[in-house]
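# Examination of the molecular architecture
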Amino acid sequence: MTVPTLTLTPLGGIDDGAPLVLGPSLGTSSILWERTVAALGQEHRLLAWDLPGHGASPRTEDPFTVADLADAVARAVRDAGCTRIRYAGVSLGGATGLELLLRHPDLVDSAAIVASGAQLGDPQAWHERAAQVRAQSTSSLISGSAQRWFAPGSIEREPDLSGRLLHALQEADDESYARCCEALAGFDVRDRLSDIERPVVAVWGEHDAVAPAAKAEEIATGVHHGSAAMIADAAHLPPAEQPEATARVLLDHFARGGAA
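Keep in mind that what you see is a predicted model, and the values were worked out from it rather than measured. (Residues numbered from 1 in each chain as written. Predicted model: local features only at pLDDT ≥ 70, side-chain atom pairs only at ≥ 80, totals over all residues. Heavy atoms only, no water.)

The geometry of a pair of packed helices is captured by two quantities: the angle between their axes and the separation between those axes. Where helix α2 (residues 66–79) contacts helix α3 (residues 92–103), the axes come no closer than 8 Å and their chain directions differ by 75°. With respect to α3, the element α2 is oriented roughly perpendicular. Along its contact with α2, which presents Val66, Ala67, Leu69, Ala70, Asp71, Val73 and Ala74, the element α3 presents Leu92, Ala95, Thr96, Glu99, Leu100 and Arg103. Broken down by class, the residue content of the contact of α2 with α3 amounts to nine nonpolar, one polar and three charged. (Axes fitted to C-alpha atoms, helices over the stretch in contact; angles between N-to-C directions. Helix = DSSP H or I, 4+ residues; strand = E, 2+ residues; numbered from the N terminus. Parallel < 35°, antiparallel > 145°, perpendicular 65-115°, else oblique. Contact = heavy atoms within 4.5 Å. Nonpolar A, V, L, I, M, F, W, Y, C, P; charged D, E, K, R; others polar.)

Set out below in structure tokens:
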């Protein structure tokens, strides 16, 4: 396995604020978080990372694990001059956050794991999706992703944003996306949650069929200092669908979890 190279994108905020690192869902980019910037940036210096072959990060043909992604995030934020961070990640970005808490607890003060779980999906289904993308490209996933990503009415309410997110999926590098699927197929930290001692809030979207309430509750009860929160009228991408509510949950959690 190879630790991939990831690109951090500054999203704004205040220069002397606590660094808050924002992680993506599979198939998205930093676009996912842009509607939360106004709220989160009042207290934080915001940095977003992109998955291999997504957004600003270079593509890869090499296999990697979710643990490797966590190591790559740790390397990128340290290279950016951050010695302590707060972290929030969605789906695969949330899974990476759990590995970051396990592998680099000295780096993360507090974390929000959004629309994610300590294990996600069926491994065989992830391998099948990887094969589909290699054969038919990420364009073949657009219809199914739109159904998973967005709550009823979201696309109609926010056609520009949902269109940009789906375009990011279409633009993702096929092989890099497939490698992300294979990383998720091998991801399972359910028996290691009790090793996480930093404060964690597990957040789920009301209409999320990918990472429903049970996934969030498993994290919240498994770590030493956990809580859970539901975002109404959201599915798998709460920061995009309900940015104000998502930001409020994160800010409340970080206020309780201590300064970075």
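And the narrative resumes.
What follows concerns α3. Here α3 is twelve residues long and its end C-alpha atoms lie 16 Å apart, about the 16 Å a rise of 1.5 Å per residue gives. Here α3 lies mainly inside the structure; eleven of its twelve residues are buried. All of the buried residues along α3 are Leu92, Gly93, Gly94, Ala95, Thr96, Gly97, Leu98, Glu99, Leu100, Leu101 and Leu102. (Expected span 1.5 Å × (residues − 1). Buried < 20%, exposed > 50% of the residue type's maximum accessible area, 1.4 Å probe, protein only.)

We note that Ser91 has phi near 55°; this positive angle belongs to a residue other than glycine. Tracing the backbone shows Ser91 in the loop between β4 (85–90) and α3. According to the relative accessible area criterion, Ser91 is buried, its value standing at 7%. Of note, Asp233 is a non-glycine position whose phi angle comes to about 60°, a positive value. Tracing the backbone through its elements, the reader meets Asp233 in the loop between β7 (226–231) and α10 (238–241).

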